[in-house]
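# Understanding the architecture of this molecule
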Amino acid sequence: MDEEMEKDKDVFILGEEVGDYQGAYKITRGLLQKYGANRVRDTPITEAGFTGIAVGAAFSGLKPICEFMTFNFAMQAIDQIINSAAKTLYMSAGSINCPIVFRGPNGAAAGVAAQHSQCFAAWYSHVPGLKVIAPYDAEDARGLLKASIRDPDPVVFLENEILYGESFKVDDKVMDKDFTLPIGKAKVMREGKDITLVAFGKLVGYNLKAAEILAEDDIDCEVINLRTLKPIDRDTIVNSVKKTHRLLVVEEGWPQSGVASEIMAIATEEAFDYLDAAPERITGAEVPMPYAANLEALALPTIDDVVRVAKRTMGKQ
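Residues numbered from 1 in each chain as written. Predicted model: local features only at pLDDT ≥ 70, side-chain atom pairs only at ≥ 80, totals over all residues. Heavy atoms only, no water.

On to the packing of aromatic side chains. Evaluation of the coordinates by the stated rule reveals eight aromatic pairs. For the pair Phe-50 and Phe-68, a centre-to-centre distance of 6.0 Å together with 35 degrees between the ring planes defines the contact as tilted. Of this pair, Phe-50 sits in helix H3 (residues 47-59) while Phe-68 sits in the loop between strand S3 (63-67) and helix H4 (78-86), and the two are 18 residues apart along the sequence. The pair Phe-50 / Phe-68 is uniform in exposure class, with both members buried. Measuring from centroid to centroid gives 6.3 Å for Phe-68 and Phe-102, while their planes differ by 15 degrees, and the two rings are stacked. With Phe-68 in the loop between S3 and H4 and Phe-102 in strand S4 (residues 101-105), this residue pair connects regions lying 34 residues apart in the sequence. A single burial state applies to Phe-68 and to Phe-102, both of which are buried. Members of the aromatic cluster, each reached through a chain of ring pairs, are Phe-50, Phe-68, Phe-71, Phe-102, Phe-120, Trp-123 and Tyr-124. (Phe/Tyr/Trp six-rings, centres within 6.5 Å; stacked < 30°, edge-to-face > 60°. Helix = DSSP H or I, 4+ residues; strand = E, 2+ residues; numbered from the N terminus. Buried < 20%, exposed > 50% of the residue type's maximum accessible area, 1.4 Å probe, protein only.)

Written out as structure tokens, the structure reads:
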């Protein structure tokens, strides 16, 4: 964000505690001191209000980054995101763009219960007019956020609170000020020949760890990091399934009408004749997130779940 604000004076950030407090998760640390209160705007606790201001600013040519302390709070502003930001380009016959990024933590953290633990990936990726991104590692976050800020359309950028505390190795090209990643392109994190494991965000790491365990049983997993949920990279998914002949999708969201359901549909629509087993999915449990730590653990996918279901899909359990 700092580099894009330095590059383009039309980029600004607004949200709760992004300025004086340096961000609830310190993501905006130092930006108020560098760019001033006109471009780093603290807002009241009124998501519908400041999201509407941000959308209006985008309509008039600015490039706002609208931060939600958590995407659970974005429910207060969902009318602004969907009915205003997502639809106006179409409703104006292409004459009004909305270059805006809605960003913040999404999905389960730890011990914050039902109203602060929802995954909104399926909700927003259902909507025409939005681009939806869910980064996993530092390369994803840097390259895709810069691409999102430069994009002429509204982008929902779903981060994860748990990943804020993780470190990832990056090479020098990633640190270049003009480094971006293409929106709509997945990444094969690990090549394999026996089964395709697909996830986004934090659960990509689960799949990578599960793949290491499965390799000990001579199961060679291909691991796909979706990166973008809308537009989804159908080609990477289909080409992988055609190679491995099996599919397992993992997500934290609820099972009905989820991202995993969409990926399974893509595989059956475009690679049905290549499948040697029914596609499988692992999702969050069909319950509001429990507060108790033992119940919370039971409501979310685990690495052990990935290993168990992958073995079942391979006929080894």
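Text resumes after the structure shown.
Sheet strands pair by backbone hydrogen bonding; their relative direction is either parallel or antiparallel. The five strands lie next to each other as S7-S9-S8-S11-S12, forming an open sheet whose pairing is mixed. Of all strands in the sheet, those with a lone pairing partner are strand S7 (187-190) and strand S12 (280-282), marking the two edges. When strand polarity is set aside, the average angle formed by the axes of neighbouring strands in this sheet is 25 degrees. Of the strand pairs in this sheet, strand S8 (residues 195-199) and strand S11 (residues 247-250) are connected by three bridges, and their pairing is parallel. For Leu-197, the partnering residue across the bridge sits in S11 and is Leu-248. Running at roughly 175 degrees to strand S9 (residues 221-225), helix H9 (residues 234-244) makes contact with S7, S8, S9 and S11 of the sheet. Sitting on the sheet, helix H10 (residues 259-271) is in contact with S8, S11 and S12, with an inclination near 160 degrees to S11. (Pairing = 2+ DSSP bridges. Axes fitted to C-alpha atoms, helices over the stretch in contact; angles between N-to-C directions. Contact = heavy atoms within 4.5 Å.)

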